[in-house]
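What follows is each chain in one-letter form.
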Amino acid sequence: MEEKYSARELNSNMNALMSAAPLFAGLPQPAVDKAIKNVVTRSHPANQVILLENDWGGSVYFILNGWVKIRTYNMDGKEVTLNILGIGELFGEMAALDQVPRSTDVITLTPTMIGSMPSQDFVQLVKTEPMAGVRLAQLMAKRLRQLNRRLRLRESDSVSRVADTLIFLAEGQGKSQAQGTEIPNLPHRELSSLSGLARETVTRVLTKLEKKGLILREHDLLIIPDLAALEDTIV
Ligand SMILES: Nc1ncnc2c1ncn2[C@@H]1O[C@@H]2COP(=O)(O)O[C@H]2[C@H]1O
């Protein structure tokens, strides 16, 4: 997972990168400029905690470059990865909206550039720009749909669960390219945590899927040539 921009480029392009976030799509530029005027951009190394579950916080965060994971713990104290978010995604909106402590931890997976917006600016934007409210509702609907789908597959076999985890990532983070849908080639321990399977099982299933041509692995990318074919492996 390489950085796409240098730190200097990112700083000088901060406004352009922020404006490109899906939340702002279709909004008048003056409204975007107003919303992002107090945004502070920071660079974080990999494995840095950005938010801690149960902390109070006053910002909403936009990923300008890199990847973060949404992490919690189960009743046995085992780490559970709930989601992986990449460029253009936002997090921290839940505490901003319902004014309760953070619902999960958020940790960087790679070197990551993040813009933080004061919660009151975020709430003001949603109150004054109906399209921003619609975009936010769409984002939350997408996350709920992803979680429902994963709950449904909790008892399925290991191939189904790995395939579903890859499709889950493709729906959230996938980029359509000529050769298929690209998703980050995550370390197997992250896929293990996302799918709830042992790391060795994930490795075995990925090799199986690769042999069948259902996935291709290229450095920091995993390519799904045909999403429908991968979906057909889910029983
Ligand atoms: N299942 C999920 N998928 C994506 N993001 C999530 C998920 N659960 C929590 N988050 C994000 O993680 C953030 C943690 O802080 P907040 O509760 O303020 O807001 C939360 C959301 O932005």
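What you see is a predicted model, and the numbers here were worked out from it, not measured in a lab.

**Q** In this structure, what is going on with the pattern of salt bridges? I would like to understand it.
**A** Inspection of every chain in the model, using the stated rule, returns 13 salt bridges. Residue R199 pairs with E200 through a salt bridge whose shortest N-O separation is 3.6 Å. You can call R199 partly exposed: its relative accessible area is 41%.

**Q** Which parts of the structure should I look at to understand the site of the ligand?
**A** Around the ligand there are 14 residues in total, and G92, E93, A95, R102 and S103 lie nearest to it. At 2.8 Å, a backbone N or O of G92 approaches an oxygen atom of the ligand. Contacts to the ligand include T104, whose side-chain N or O atom sits 3.2 Å from an oxygen atom. Considering the ligand on its own, with 450 Å² of exposed area, one finds that the protein chains cover 95% of that surface.

**Q** What's the story with the UniProt feature "domain: HTH crp-type" (unreviewed entry) in the protein chain in this structure? I'm lost.
**A** In the UniProt entry, the feature "domain: HTH crp-type" (unreviewed entry) is given for residues 156-228. Taken end to end, residues 156-228 is 53% helix and 21% strand, and its two terminal C-alpha atoms sit 18 Å from one another.

**Q** Is there a simple way to think about the side chain of H44 in this case?
**A** Structurally, the position occupied by H44 is in strand β1 (residues 40-44). There is a polar contact of 2.6 Å between the side chain of H44 and the side chain of Q48. Apart from the residues lying within four places of it in its own chain, the contact partners of H44 are I50, T108, T110, P111, T112 and I114.

**Q** What's the story with a nonpolar patch on the surface in this structure? I'm lost.
**A** There is a patch of nonpolar side chains on the surface, built from M94, L97 and M140 and spanning about 240 Å² of accessible area. Take M140: it is sitting in helix α6 (residues 130-152).

**Q** In this structure, what is going on with the packing of helix α7 (residues 158-173) against helix α9 (residues 199-211)? I would like to understand it.
**A** How two helices sit against one another is set out by the angle between their axes and by the gap between those axes. Running from amino to carboxyl end, α7 crosses α9 at an angle of 80 degrees, the nearest separation of the two axes being 10 Å. As judged from the angle between their axes, α7 and α9 are roughly perpendicular. Side by side, α7 and α9 meet where S158, V159, V162 and L166 of the first sit next to T201, V202, R204, V205, L206, K208 and L209 of the second. By residue class, the composition of the contact of α7 with α9 is seven nonpolar, two polar and two charged.

**Q** In this structure, what is going on with the UniProt feature "domain: Cyclic nucleotide-binding" (unreviewed entry) in the protein chain? I would like to understand it.
**A** Per the UniProt annotation, the sites labelled "domain: Cyclic nucleotide-binding" (unreviewed entry) are residues 23-126. Each end of residues 23-126 is marked by a C-alpha atom, and these two atoms are 10 Å apart; helix forms 21% of the span and strand 39%.

**Q** Honestly, the sheet that holds strand β7 (residues 105-108) in this entry has me stumped. Any pointers?
**A** Whenever strands of a sheet pair, they do so through backbone hydrogen bonds, lying parallel or antiparallel. Spatial strand order, β2-β7-β4-β5: four strands in an open sheet with antiparallel pairing. The two strands at the open ends of the sheet, each matched to only one other strand, are β2 (49-51) and β5 (79-85). In this sheet, adjacent strand axes meet at a mean angle of 35 degrees when their direction is disregarded. The sheet contact formed by β2 and β7 spans two bridges and is antiparallel. Each bridged residue has a counterpart across the sheet, and for V49 the counterpart in β7 is I107.

**Q** When you look at the domain arrangement of the protein chain in this model, what are you seeing that I'm missing?
**A** Many authors give the size of an interface as the accessible area that is lost as the parts come together. Assigned domains of the protein chain: these are domain 1 (7-151) and domain 2 (155-231). Across the contact, 16 residues belong to domain 1 and 14 residues belong to domain 2. Taking both partners together, domain 1 and domain 2 bury about 1400 Å²; carbon and sulfur atoms supply 47% of that area. Of all residues in domain 1, the largest losses of buried area upon contact with domain 2 belong to I84, R149 and R150, amounting jointly to 43% of the total for that side. We note a salt bridge from D164 to R149, for which the minimum N-O separation is 2.4 Å. Between the two partners, domain 1 and domain 2, sit eight residue pairs in polar contact (both at pLDDT 80 or more). Counting residues per element, the ones that place at least two in the side of domain 1 that touches domain 2 are β5 and α6. Looking at the side of domain 1 that touches domain 2, the element that brings in the most residues is β5, giving seven residues. Broken down by class, the residue content of the side of domain 1 that touches domain 2 amounts to six nonpolar, four polar and six charged.

What counts as what
In this convention, every chain numbers its residues from 1, walking through the sequence in written order. Residues qualify for local features only when their pLDDT is at least 70, as the model is predicted, and side-chain atom pairs are given and counted only at 80 or more; totals for whole chains, interfaces and linings, by contrast, use all residues. The side-chain figures draw on all heavy atoms in the structure; neither hydrogens nor water molecules are used. The rule for a salt bridge is simple: a side-chain nitrogen of Lys or Arg has to be within 4 Å of a carboxyl oxygen of Asp or Glu. Burial classification: accessible surface area is computed with a 1.4 Å probe over protein chains only, and a residue below 20% of its type maximum counts as buried, one above 50% as exposed, and the rest as partly exposed. Any residue with a heavy atom lying within 4 Å of a molecule or strand is counted as near it. Contacts described as polar in this section are N or O atom pairs within 3.5 Å, which, within protein, must combine one atom able to donate a hydrogen with one able to accept it, while residues neighboring in sequence count only if both atoms come from side chains. A 1.4 Å probe and the Shrake-Rupley method give the accessible areas. Residues count as covered only by the protein chains that appear here. UniProt positions are given in the numbering used here, feature names are shortened, and annotations may be inferred rather than shown by experiment. Numbering of helices and strands starts at the N terminus; helices are DSSP runs of H or I of at least 4 residues and strands are runs of E of at least 2. Only heavy atoms enter the contact rule, under which two residues are in contact if any of them lie within 4.5 Å. Two distance rules govern patches: like charges are joined within 9 Å, and nonpolar side chains (Val, Leu, Ile, Met, Phe, Trp, Tyr) within 5 Å, applied only to residues with over 30% relative accessible area and no salt bridge. Axis angles are defined between N-to-C directions and span 0 to 180 degrees, where every axis is a line fitted to C-alpha atoms and, for a helix, only to the segment in contact. Working rule for angles: under 35 degrees goes down as roughly parallel, over 145 as roughly antiparallel, 65 to 115 as roughly perpendicular, anything else as oblique. All residues other than Ala, Val, Leu, Ile, Met, Phe, Trp, Tyr, Cys, Pro, Asp, Glu, Lys and Arg, Gly among them, are scored as polar; the first ten of these are nonpolar and the last four charged. Strand pairing requires that DSSP identify at least two bridges connecting the strands. As used throughout, domain bounds are those supplied by an automatic or database domain assignment. Simply put, the buried area is the total loss of 1.4 Å probe accessible area from both parts when two parts are fitted together.

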